[in-house]
Amino acid sequence: NSDAQLVPGAVPNMVQFLDANPAAGIASVCLAFPDGRPQFCYGSFPSLYNEFRSLFGLHRWDLSFWGKLDAPREVDWVSGACLMARKTMLDQIGLLDENFFMFGEEVDLCYRAVQAGWKVCLVPSPPVIHVRAGSAGKTSDRILRLYWGKLRCFQKHLGKPRSRLLVVMIMASP
């Protein structure tokens, strides 16, 4: 992302990991705010259960491994703020879906990768500094784009009935 700052070791660690792990299609490293606090950088694939927990404050992001990641960790998806993708995987599944303007495009890419049999992994490295909202700004438009990305992902991978339920949950959330 334009608001991410690479740190020494991040790129070589991802390259070495992908070179050593041919089943991995996507690698990423942890993210941190400029003040060093850990930042949300991965997640579980979209589901009504996960979105309900998030919308109603019942989900806490598991950052317990952050700063202690001494071995690669397989996850469903990683943040697009710093993501390295294998070219052979992209040749197989395609590039980022242009129907996602911003938000959700990395979830979609990781979903397609996993569906095609590839692994998505976090790699040990110093965390990349990510301003967060530096590219999109901290506006209500950013929030609308975030939910549009979630809805687009739901429609594409989970179908219209579930995406309609997500709309109801969003409207009912505090």
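So, here's what we can say about the structure. As the structure is a computational prediction, the values presented were derived from the model and not from experiment.

1. Examining helix H6 (residues 160–172)
The terminal C-alpha atoms of H6, which comprises 13 residues, lie 18 Å apart, in line with the 18 Å expected from a rise of 1.5 Å per residue. Residues of H6 that are buried: Ser163, Leu166 and Met169. The buried side chains of H6 occupy one side of the element, clustering within an arc of 110° when seen end-on. Turned more than 90 degrees away from the buried face of H6 sit Lys160, Pro161, Arg164, Val168, Met171 and Ala172, all of them exposed. Looking at the buried positions of H6, the neighbouring elements they touch are helix H2 (48–55) and helix H5 (140–158).

2. Regarding the packing of aromatic side chains
Under the criterion given, the structure shown has two aromatic pairs. Seen from their ring centres, Phe45 and Tyr111 are 5.0 Å apart, and the 75° between their planes marks the pair as edge-to-face. Within this pair, whereas Phe45 is found in the loop between strand E5 (42–43) and H2, its partner Tyr111 is found in helix H4 (residues 105–115), the two being separated by 66 residues in sequence. For Phe45, a relative accessible area of 13% translates into the label buried.

Analysis parameters
- Residues numbered from 1 in each chain as written.
- Predicted model: local features only at pLDDT ≥ 70, side-chain atom pairs only at ≥ 80, totals over all residues.
- Heavy atoms only, no water.
- Helix = DSSP H or I, 4+ residues; strand = E, 2+ residues; numbered from the N terminus.
- Expected span 1.5 Å × (residues − 1).
- Buried < 20%, exposed > 50% of the residue type's maximum accessible area, 1.4 Å probe, protein only.
- Arc of directions from axis to C-beta.
- Contact = heavy atoms within 4.5 Å.
- Phe/Tyr/Trp six-rings, centres within 6.5 Å; stacked < 30°, edge-to-face > 60°.

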